[in-house]
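# Inside the fold
So you can see what is in the structure, the chains are spelled out below.
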Amino acid sequence: MKILVTTLGSHGDVQPFVALAKALKAAGHEVTICTLEGFRPFVEAHGVSYAHVNNEFFTLMQTPEGQSSIDGSGSKLELVRKAKAILRRVFDDEWQAAQTVQPELIIFHPKALGSAHIAEKLNIPAMMALPLPLYTPTSAFPNPMFGGMNLGGWLNRLSYWPMIYSTNMYAGIVNDFRVKGLGLRPRARLANPLMDGDGNPIPILYPYSPHLLPAPADYPPHVHVTGYWFLDQGNQWQPPAALAAFLDAGPPPVYVGFGSMGGAKAAERAEIVLGALDRAGQRGLLASGWGGLQPSDTPESVHLIESAPHDWLFPQVAAVVHRGGGGTTAAGLRAGKPTVICPFIGDQPFWGRVIHKQGLGPRPIPQQGLTVDGLAAAIMAAVGEPAIARRAAAMGEQIRAEDGLANAVEIIERNWPAGHRAQDAPSPYRTGGRGFMISTPQ
């Protein structure tokens, strides 16, 4: 089967789809990833075919305006205005990729807004995938953008509808693309974006662990929680000599990294982290990649790294302190390490609350409330409380026993043979209540 995978955004929005593409390719399918040009070397390094999307989104997010909007200090309205113009050009790139690949199935991240419409034009199935339960109403928990605060029953379900219809702010450029680019009729401004052109629900894959967040019993049959999609890179990675020497020189350090959300306050945050590590009596590894922590000086007990594969690094640390992005959260849990989440925005507070509720780390500390004393106390709890360590180790064993990629490939192959729609066949990986089937069905 020819499959086109489309995804936009940061490295965290691309990496899981590269993992899925490799798994589908190993299963005998022809897979192409359509994403920003800046990720082309990353995609092709993993042996996956690449299709072009202009790099304007990446460039926009690297500007001070983009960074301030990410960390919550700037205007998102201005960012949306600029993004709309870029997005219209992205649609054309997606369409060009589809015409070149001629896929039989499109799997898309919801940021790739043109994909569902292209699938409609080509009369082929499409499915959405993202590692966050963002688009499926449930009474079990509220929309993750509400930070994980349980609203109860029908209010939890109601909280999903603003997110489902949030993409309608782009209805004008979407309809311009449908009419001028694809020759389709415009869709109603309030049309449900989770329905295809025939009024059928678009199937959804959620690649996160049901051991961390069980799939709700009220999820419909076209929604699947697969387990994480890991892209292991540590086996082929050699650490710099200085990093290897630091790890060998003492007890496991605490990893601290806030990804690309450092913004203008990166140096200030780094000083808070250094003070907290000192007060907690812990060695530290600070990630200083683009936008990351930038201390002016570091003691011998702290080592600065630009980046390292998490599957190689995290098994060697005592705990993981980060912003709560889905990918880093998954990697830390897989390694069986206690987690301290210091969220900025978006889904990060949600994962922080989930981690705390499951007893895998202390209460999350929002970035605007980050202090030396607070972070030191959280680090001491993460590395010093035996109950947290036991639960984190047990969660690691459960996640390592999952095979989210095999589950996803199985679901795709069972539900998308030629001419067969997803809702016609139940998934063996859906769960009602707490159970979850991991093994391949007989």
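Above this text sits the structure in question.
Let me sum up the structure you'll find in this document. (Residues numbered from 1 in each chain as written. Predicted model: local features only at pLDDT ≥ 70, side-chain atom pairs only at ≥ 80, totals over all residues. Heavy atoms only, no water.)

### Observations regarding unusual backbone geometry
Even without being a glycine, Gln102 presents a positive backbone phi close to 55°. Note that Gln102 resides in the loop between α5 (76-101) and β4 (105-108). Residue classification places Gln102 among the exposed residues on the basis of a relative accessible area of 55%. Its identity as a non-glycine residue notwithstanding, Asn123 has a phi of 60°, on the positive side. Its place among the elements puts Asn123 in the loop between α6 (115-122) and β5 (126-129). (Helix = DSSP H or I, 4+ residues; strand = E, 2+ residues; numbered from the N terminus. Buried < 20%, exposed > 50% of the residue type's maximum accessible area, 1.4 Å probe, protein only.)

### A look at the sheet that holds strand β12 (residues 339-341)
Where strands meet in a sheet, backbone hydrogen bonds hold them as pairs that are either parallel or antiparallel. In space, the five strands of this open sheet follow the order β10-β9-β8-β11-β12, with parallel pairing throughout. Looking at which strands have only one partner, the edges of the open sheet turn out to be β10 (302-305) and β12. Ignoring strand direction, the axes of neighbouring strands in this sheet form an average angle of 15°. As paired strands, strand β8 (residues 254-257) and strand β9 (residues 284-287) are joined by three bridges and run parallel to one another. Of the residues in β9, the one forming a bridge with Tyr255 is Leu285. The sheet strands contacting helix α10 (residues 241-248) are β9 and β10, and the helix crosses β10 at an angle near 150°. Set on the sheet, helix α13 (residues 326-334) makes contact with β11 (319-322) and β12; between it and β11 the angle comes to about 170°. (Pairing = 2+ DSSP bridges. Axes fitted to C-alpha atoms, helices over the stretch in contact; angles between N-to-C directions. Contact = heavy atoms within 4.5 Å.)

### Description of α10
Buried within α10 we find Leu243, Phe246 and Leu247. Projected down its long axis, α10 carries its buried residues within an arc of 95°, all on one side. Every exposed residue of α10 that faces more than 90 degrees away from the buried side is listed here: Ala241 and Asp248. Summarising the contacts, the buried residues of α10 are in contact with β9, β10 and α12 (310-313). (Arc of directions from axis to C-beta.)

### Overview of empty space enclosed by the protein
On inspection of all chains with the given rule, the structure shows one cavity of 30 Å³ or more. In this structure, the largest cavity spans a volume of roughly 330 Å³. Around the largest cavity sit 24 residues that line it, and His117, Thr167, Asn168, Val174 and Pro193 are the ones nearest its centre. Within the residue set of the lining of the largest cavity, elements represented by two or more residues are α6 and α9 (171-181). Looking at which element gives the most residues to the lining of the largest cavity, the answer is α9, with three residues. Class assignment of the residues belonging to the lining of the largest cavity gives a composition of 17 nonpolar, five polar and two charged. (1 Å grid on protein atoms, 1.4 Å probe; cavity = no way out; pocket = protein on both sides within 12 Å on 5 of 7 lines; lining within 4 Å. Points joined across faces, edges and corners; volume = space filled by probe spheres on them. Nonpolar A, V, L, I, M, F, W, Y, C, P; charged D, E, K, R; others polar.)

By themselves, these figures tell us nothing about what the structure is for.
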